[in-house]
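Structure assessment
The primary structure of each chain is shown beneath.
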Amino acid sequence: MTPVARSVLSTALLVFAALLSIHTKQGPGRATSADYGKLPLAFTAASGPTAAPAQFVAHTGGATWLFTATGVTIRIPSQVPGRAATVRMKFAGGRAASLIAEHRLPGVTNYLIGNDPQRWRTSLPTYARIVEHGVYPGVDVVYYGSVSGNSSSRLEYDIVVAPGADPSAVRLRFEGADQVAVEGGDVVLTAGTSRVQMKQPVLYQPADNPAVRRPVAGRFVARGNDEIGFQVDAYDKARPLV
């Protein structure tokens, strides 16, 4: 997980960082990655064509990510007729909370759909990340995009655990997937002709020197009923966990 910019007195955070990617089949025998687009991932306030309860929306090429107070909905297109998929990731037992946009980007989003200009949505601001505070007691979630080398933009999220909070309370519940499994440390979801992969989390605690991260061993674990949790090895509970 990546560090979260915030003031910490004599404590530090534990952060879990996870990366999500999508792979779809466009036709018989033709597989392609849906980590589309070379542009940075941008979050836009949900408006116009995006139905409630979404608060923000992001696009990675053909895939659409809708962010709500309780989790994320992923709409995955398919060139195979009738095989488009919708998968939802919810924080089981968590608290619904408003999402806060941070780091305004220079670009804007326009939705010019239909022939009626009164229904168009223009000049919507875009942001580099969105934050949801207090999903569980002492636990925040941060969504943002990343680009590595020549790869396309990807969605990542950090789960930030404050000192004294319980990381085992975090449970990801998936709806709409045909199969939910942990394979090779990654969470793999199968939905129709699509495959959603969440890379195994990277955990750390900031040291007294902000430039230093102390790695913490941890992993995804299957909890049953299409739920995934986190198992964290020994760490300093007086410091934040990322």
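Predicted model, so just to flag it, every value in this text is computed and none were measured.

With respect to the packing of aromatic side chains
Under the definition given, this model contains five aromatic pairs. With centroids separated by 6.4 Å and ring planes inclined at 80°, the aromatic side chains of Phe91 and Tyr136 adopt a geometry described as edge-to-face. Residue Phe91 is located in strand S7 (residues 85-91), and its partner Tyr136 is located in strand S9 (residues 121-136); the two are separated by 45 residues in the primary sequence. An identical accessibility class is assigned to Phe91 and Tyr136; each is buried. Three or more aromatic residues joined by ring pairs form one cluster here, namely Phe43, Phe67, Tyr143 and Tyr157. Between Lys237 and the ring centre of Tyr235, over which it is positioned, the NZ or CZ distance is 4.8 Å.

Quick word on the confidence of the model for the protein chain
On average, residues of the protein chain score 76 in pLDDT, and 77% of them reach the 70 mark or higher. Taken as a whole, residues 1-16 scores under 50 in pLDDT and shows 81 contacts with residues more than four places along the chain or in a different chain.

Looking at the pattern of salt bridges
Two side chains bearing opposite charge may form a pair once their charged atoms approach each other closely. The full count for this structure, using the stated rule, is eight salt bridges. Among the salt bridges present, the one from Arg129 reaches Glu102, with a minimum N-O distance of 2.7 Å. Here the residue Arg129 occupies a position in strand S9, and Glu102 occupies one in strand S8 (residues 99-111), the gap between them amounting to 27 residues. With relative accessibility at 14%, the residue Arg129 sits in the buried group. Under the relative-accessibility criterion, Glu102 is labelled partly exposed at 23%. Between Arg219 and Asp233 there is a salt bridge; the shortest N-O distance is 3.0 Å. Linking Arg219 in strand S18 (residues 218-224) with Asp233 in the segment after strand S19 (227-232), this pair joins segments that are 14 residues apart in sequence. With a relative accessible area of 32%, Asp233 lands in the partly exposed category.

Structural notes on the environment of Gln197
In this fold, Gln197 is placed in strand S15 (residues 194-198). For Gln197, a relative accessible area of 13% corresponds to the buried category. Separated by eleven residues in sequence, Gln197 and Asp186 place their C-alpha atoms 6.8 Å apart. Within the structure, Gln197 has its side chain in polar contact with the side chain of Asp186 (distance 2.7 Å).

Procedures and definitions
Residues numbered from 1 in each chain as written. Predicted model: local features only at pLDDT ≥ 70, side-chain atom pairs only at ≥ 80, totals over all residues. Heavy atoms only, no water. Phe/Tyr/Trp six-rings, centres within 6.5 Å; stacked < 30°, edge-to-face > 60°. Helix = DSSP H or I, 4+ residues; strand = E, 2+ residues; numbered from the N terminus. Buried < 20%, exposed > 50% of the residue type's maximum accessible area, 1.4 Å probe, protein only. Lys NZ or Arg CZ within 6 Å of the ring centre and 35° of its normal. pLDDT = per-residue confidence, 0-100. Contact = heavy atoms within 4.5 Å. Salt bridge = Lys/Arg side-chain N within 4 Å of Asp/Glu carboxyl O. Polar contact = N/O pair within 3.5 Å; in protein donor to acceptor, adjacent residues only side chain to side chain.

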